[in-house]
Amino acid sequence: FDEKSEEHNAAPVPTAILLGLKLPAGSGFDLLERIRKDKRTKDIPVAILTSSMSDADKERCHNLGVDEYLIKPINIDSFASAMRRLGFQLVLMEKGR
């Protein structure tokens, strides 16, 4: 929806965003740029989860204010540490409980 619409302004804002760079409908960079340009979302912490080890991708994310850059495959400890740095407490459940 249009960023200036009432619907946009009334939509809930997330406390953090976990974003991939390769999305089915386009580039994660395009979405990240939109997030950073929108006054409602520009300060939301963003973690990138990607398979890209490209220094250019890392630099572009850094320049767009990404808080965490996580490379897949990722282990649960690295993911949990990144989420804690973003201010989240994770509760992990054992399978079958």
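Below you will find a few notes about this structure. (Residues numbered from 1 in each chain as written. Predicted model: local features only at pLDDT ≥ 70, side-chain atom pairs only at ≥ 80, totals over all residues. Heavy atoms only, no water.)

### Details of the nonpolar core
Ranked by size, the top nonpolar core spans twelve residues in total: Ile17, Leu19, Leu21, Phe29, Leu32, Ile35, Ile44, Val46, Ile48, Cys61, Leu64 and Val66. Of all the secondary-structure elements, those providing two or more residues to this core are strand 1 (17-19), helix 2 (28-37) and strand 4 (46-50). A total of three residues in this core trace back to one element, the largest contributor, which is helix 2. With near-sequence residues (within four places) excluded, Leu21 lies in contact with Gly26, Ser27, Gly28, Phe29, Ile48, Leu49, Thr50, Asp57, Cys61 and Tyr69. (Core = buried A, V, L, I, M, F, W, Y, C linked by side-chain atoms within 4.5 Å. Buried < 20%, exposed > 50% of the residue type's maximum accessible area, 1.4 Å probe, protein only. Helix = DSSP H or I, 4+ residues; strand = E, 2+ residues; numbered from the N terminus. Contact = heavy atoms within 4.5 Å.)

### Some points on the side chain of Thr41
Inspection of the secondary structure puts Thr41 in the loop between helix 2 and strand 4. Accessibility expressed as a relative area gives 14% for Thr41, which makes it buried. A polar contact of 2.7 Å, which involves the side chain of Thr41, links it to the backbone oxygen of Ile35. The residues touching Thr41, leaving out its near neighbours within four places in the chain, are Val13, Arg34, Ile35 and Arg36. (Polar contact = N/O pair within 3.5 Å; in protein donor to acceptor, adjacent residues only side chain to side chain.)

### What about the pairing of strand 4?
Regular strands show a simple pattern: their side chains alternate between the two faces of the sheet. Counting buried residues in strand 4 gives four out of five residues, a clear majority hidden from the surface. When strand 1 meets strand 4, the two strands line up parallel, connected through three bridges. For Ile17, the partnering residue across the bridge sits in strand 4 and is Val46. Note: strand 4 against strand 5 (residues 68-71), four bridges, orientation parallel. Looking across to strand 5, one finds that Ile48 is bridged to Tyr69. In this region the chain leaves strand 4, passes through helix 3 (residues 55-63) and returns to the parallel neighbour strand 5; the handedness of that crossover is right-handed. (Pairing = 2+ DSSP bridges. Right-handed = clockwise from strand over helix to strand, strands pointing away.)

### A look at the sheet that holds strand 5
Two pairing modes exist for strands in a sheet, parallel and antiparallel, and in both the strands are linked by backbone hydrogen bonds. Spatial ordering of the open sheet is given by 1-4-5, a layout of three strands whose pairing is parallel. One side of each edge strand has no neighbouring strand; the edge strands of this open sheet are strand 1 and strand 5. Between one strand axis and the next, the sheet turns through 20° on average, direction left out of account. Packing of helix 2 onto the sheet brings it into contact with strand 1 and strand 4, and relative to strand 1 it is tilted by some 155°. Here helix 4 (residues 76-85) sits on the sheet and contacts strand 1, strand 4 and strand 5; the angle it forms with strand 5, its principal contact strand, is near 170°. (Axes fitted to C-alpha atoms, helices over the stretch in contact; angles between N-to-C directions.)

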